[in-house]
Amino acid sequence: SRQNRVRNFSIIAHIDHGKSTLADRLIEETGLLTEREMKEQILDNMDLERERGITIKLQTTRLVYKAKDGNEYILNLIDTPGHVDFNYEVSRSLAACEGALLVVDAAQGIEAQTLANVYLALDQDLEIIPVINKIDLPSARPEEIKKEIEDVIGLDCSDIPLISAKEGINIEDVLESIVQKIPAPKGDSGAPLKALIFDSFYDSYKGVTAYIRVVEGTIKPGMKIKMMATDKEFEVSEVGIFTPSQVPVDELRAGDVGYVTASIKNVRDARVGDTITEADRPANKPLPGYKKVTPMVYCGVYPAEGEDFNNVKDALEKLQVNDAALTFEPETSAALGFGFRCGFLGLLHMEIIQERLEREFDLNIITTAPSVIYKIKKKDGEIINIQNPTNLPPLTEIEYMEEPIVESSIMAPKEYVGPIMELCQARRGTLKNMEYLDQTRVVLHYDLPLNEVIYDFFDALKSKTKGFASLDYELKGYERSDLVKLDILINKEVVDAFSIIVHREKAYERGRSIAEKLKETIPRHLFAIPIQAAIGSKIVARETVKALRKDVLAKCYGGDVSRKKKLLQKQKEGKKRMRQLGNVEVPQEAFLSVLKFD
Ligand code: GTP
């Protein structure tokens, strides 16, 4: 049957190990596309990428491969996003497959993200096919890496494909392994419909396109469908396959991968992980593993110019239509006026959204320090969640506070164990265990407070290990912690946008570092500006921006006019990016500088 000739698989890899390059090669090798078509399609994808904001690079694609056994196989390559913020999406994409190619760089070997992805794939009971890539590199050591994969992951590497995706070496081995080792999908095309949504995106013409794997039953245009998590019903307008451009087909049957459109207006109604069933003949239970994604990190987003408020709102609404994980609600800040509190999956997600607001919507925005969600047990027994430090009740009303903790794994060459431990110690980490992967590399398992991880932990880790360490983490739970609110006062006024929640033992150090940075970024005024960090009424750090002595223009008098003009122009441009706080002008960059540790 046709189902026997289908193979559904993903490619998993650490960043830069060659996932996209291999995907391109597989497309090319299966001869589905000429090089010119491929270029065009890749351009298409880049548009889409811009629209979606997350680097997807490779796309879900259907390949047709004529195998050595003489049969033609349909290979559905399912894309997975490659970042820890999007682990849930990765897990749903993997759930749509029967197998996965594990690409390992012949020079780098196994890294933390590789292992994290392998565990996700093993959770889904996938057949994992290891592939060693970049054998063309002079520094390649395929034999050692083979042994590493066998020792660390326990996969058989006796007939592992040794390839160069870049040079196109041994690509056929990979295709043959897919056909021979990955099981064909099972599932009854006559059963009640169960289709897994593993990705979705919105465009203004078709509405939401949901990427689906049909697990049981058949889906076709005209069918009334129901989303099992939200109970919403729609009528299918189109089903199709990816080549990778969308090509409509008559129906998708059990085992198939493709897309469905049904005039769905928001990705929230076609959530990743949800099960689509037939409204008139529903399945009795949804596919396992659905989870509603919830933000982990929050920050305030404010227009740099107050009149942009509605533009920021419009932009966030537009982004949200396509991003079920993004949340926002209006909030006000005494310092920054009207803005929004936004929720994100993680820091990368936050950076992507910030960048899109600035680049695609041409907005000038100020973001406040990121915060996690703290749980506060009040003395009156009430438990509240706080994601904006400004809303923290007075200390006298608080019985205790809890903060989110993540389980992290950090992988690195053993000579960096010292610096890594120092860093984790400084970030209040608890060492859970340390394993040697082989003679040269270790994995450290640390429990770390999420609020320490979101302050450029990853950058610090990279710089302490010359870029060799890799990091992976997931939320473990909440733990009690001695936390305080640290306020920043500029010219004696608390600036709420700078307030953060920190561990008591860190408050002094953080306060001093923020005060120092603000001193560097706030320009001199005609008066001296004290900058203070305080816990409650107790000042823990203090700096002063000294008063300006002379008029800036004074030194130009008598000088040439053009220079004077230039200076005025410069001041004006500088002004545009200033925020008036009381009678102090604070440059936009000051808000950013607070987010960075040294
Ligand atoms: P992300 O999308 O960032 O996760 O990276 P990726 O895993 O998709 O890696 P990508 O395919 O973008 O390759 C990363 C780099 O490695 C690129 O500069 C490629 O040209 C290079 N590369 C990929 N395959 C090979 C190979 O077989 N040999 C060599 N020498 N370089 C390769």
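Owing to the predicted nature of the structure, the values given are computational and were not obtained by experimental measurement. (Residues numbered from 1 in each chain as written. Predicted model: local features only at pLDDT ≥ 70, side-chain atom pairs only at ≥ 80, totals over all residues. Heavy atoms only, no water.)

Asks: Account for the overall build of the protein chain, naming residues and giving values.
Replies: Across its full length, the protein chain holds 14 helices and 32 strands. In the protein chain, which comprises 598 residues, the proportion classed as buried is 56%. Intrachain contacts of the protein chain at a sequence separation of at least 6 include 69% that bridge at least 24 residues. (Helix = DSSP H or I, 4+ residues; strand = E, 2+ residues; numbered from the N terminus. Buried < 20%, exposed > 50% of the residue type's maximum accessible area, 1.4 Å probe, protein only. Contact = heavy atoms within 4.5 Å.)

Asks: Explain the pairing of strand β7 (residues 207–216) to me, using residue names and the numbers behind them.
Replies: Summarising burial for β7: eight of the ten residues are buried, a large majority. Here nine bridges tie strand β6 (residues 194–203) to β7, and the two strands are oriented antiparallel to one another. Each bridged residue has a counterpart across the sheet, and for I197 the counterpart in β7 is I212. Joining the antiparallel neighbours β6 and β7 is a turn of three residues. (Pairing = 2+ DSSP bridges.)

Asks: Before we move on, could you go through the sheet that holds strand β4 (residues 99–105) and cite the residues and values that matter?
Replies: Here five strands make up an open sheet; going across it, the order is β2-β3-β1-β4-β5 and the pairing mixed. Across the chains shown, the open sheet's two edge strands, defined by having one partner strand only, are β2 (61–66) and β5 (127–133). The average undirected angle you get between the axes of adjacent strands in this sheet is 30°. Sheet topology note: the β2/strand β3 (residues 72–78) ladder contains six bridges and is antiparallel. Within β3, the residue paired with V64 across the bridge is I74. (Axes fitted to C-alpha atoms, helices over the stretch in contact; angles between N-to-C directions.)

Asks: Please set out the packing of helix α3 (residues 87–95) against helix α4 (residues 112–123) residue by residue, giving values where relevant.
Replies: If you want to describe how two helices pack, look at the angle between their axes and the distance between the axes. Where α3 contacts α4, the two axes come as close as 9 Å, and the packing angle between them is 45°. Of the possible angle classes, the one that applies to α3 and α4 is oblique. Relative to α4, α3 is oriented so that their crossing is right-handed. On α4, the residues touching N87, V90, S91 and L94 of α3 are Q113, N117, L120 and A121. A class-by-class count of the residues in the contact of α3 with α4 yields four nonpolar, four polar and no charged. (Parallel < 35°, antiparallel > 145°, perpendicular 65-115°, else oblique. Left-handed = near helix turned anticlockwise from the far one by under 90°. Nonpolar A, V, L, I, M, F, W, Y, C, P; charged D, E, K, R; others polar.)

Asks: Account for the environment of I135, with residues named and values stated.
Replies: Checked against the element boundaries, I135 lands in the loop between β5 and α5 (142–153). Each residue touching I135, except ones within four places of it in the same chain, is listed here: A106, A140, L162, I163, S164 and I169.

Asks: I'd like a description of α4, backed by residues and values.
Replies: Between the first and last C-alpha of α4 there are 17 Å, a value that for twelve residues agrees with the 16 Å anticipated at 1.5 Å per step. Of all the twelve residues making up α4, nine are buried; the element is thus mostly covered by neighbouring parts of the structure. By the burial criterion, the buried members of α4 are A112, Q113, T114, L115, A116, N117, V118, L120 and A121. Trailing α4 by a residue or two, D125 shows a phi angle of about 60°, which is positive. (Expected span 1.5 Å × (residues − 1).)

Asks: Which residues make up the environment of R5, and what values go with them?
Replies: Checked against the element boundaries, R5 lands in the segment before β1 (6–13). Along the primary structure R5 and E351 are separated by 346 residues, whereas in three dimensions their C-alpha atoms are 42 Å apart. With near-sequence residues (within four places) excluded, R5 lies in contact with N71, E72, Y73 and I74.

Asks: An account of α5 is requested, with residue identities and associated values reported.
Replies: Each full turn of the α-helix corresponds to 3.6 residues, which orients residues three or four apart in the same direction. A rise of 1.5 Å per residue sets the reference length of α5, with its twelve residues, at 16 Å; its end C-alpha atoms lie 16 Å apart and thus fit the reference within 8%. Taken residue by residue, α5 has I145, K146, E148, I149, V152 and I153 as its buried positions. Buried residues in α5, looked at end-on, bunch into an arc of 160°, giving them a common side. Residues of α5 that are exposed and angled more than 90 degrees away from the buried face: E143, K147 and D151. Where α5 is buried, its residues touch β4, α4, β5 and β24 (441–449). Of the residues one or two after α5, G154 is the one with positive phi, at around 80°. (Arc of directions from axis to C-beta.)

Asks: Can you lay out the site of the ligand for me, pointing to particular residues and giving the numbers?
Replies: Taken together, 16 residues are adjacent to the ligand, and K19, S20, T21, D136 and A165 come closest. The separation between an oxygen atom of the ligand and a polar main-chain atom of K19 is 3.0 Å. Relative to its unbound accessible surface of 650 Å², the ligand loses 76% to contact with the protein. Top element by residues in the shell around the ligand is helix α1 (residues 19–29). It accounts for three residues. Among the residues making up the shell around the ligand, the classes are represented as three nonpolar, seven polar and six charged. (Near = heavy atom within 4 Å. Polar contact = N/O pair within 3.5 Å; in protein donor to acceptor, adjacent residues only side chain to side chain. Areas by Shrake-Rupley, 256 points an atom, 1.4 Å probe, with all protein chains shown as cover.)

Asks: I'd like to hear about the pattern of salt bridges, residue by residue, with values.
Replies: Evaluation of the coordinates by the stated rule reveals 27 salt bridges. The partner of E355 in a salt bridge is R359, and the shortest N-O contact between them spans 2.9 Å. With E355 and R359 both in helix α8 (residues 347–359), this residue pair falls four residues apart, about one helical turn. Given a relative accessible area of 40%, E355 falls into the partly exposed group. Via salt bridges that share partners, E403, R428, E452 and K506 belong to a single interconnected network. (Salt bridge = Lys/Arg side-chain N within 4 Å of Asp/Glu carboxyl O.)

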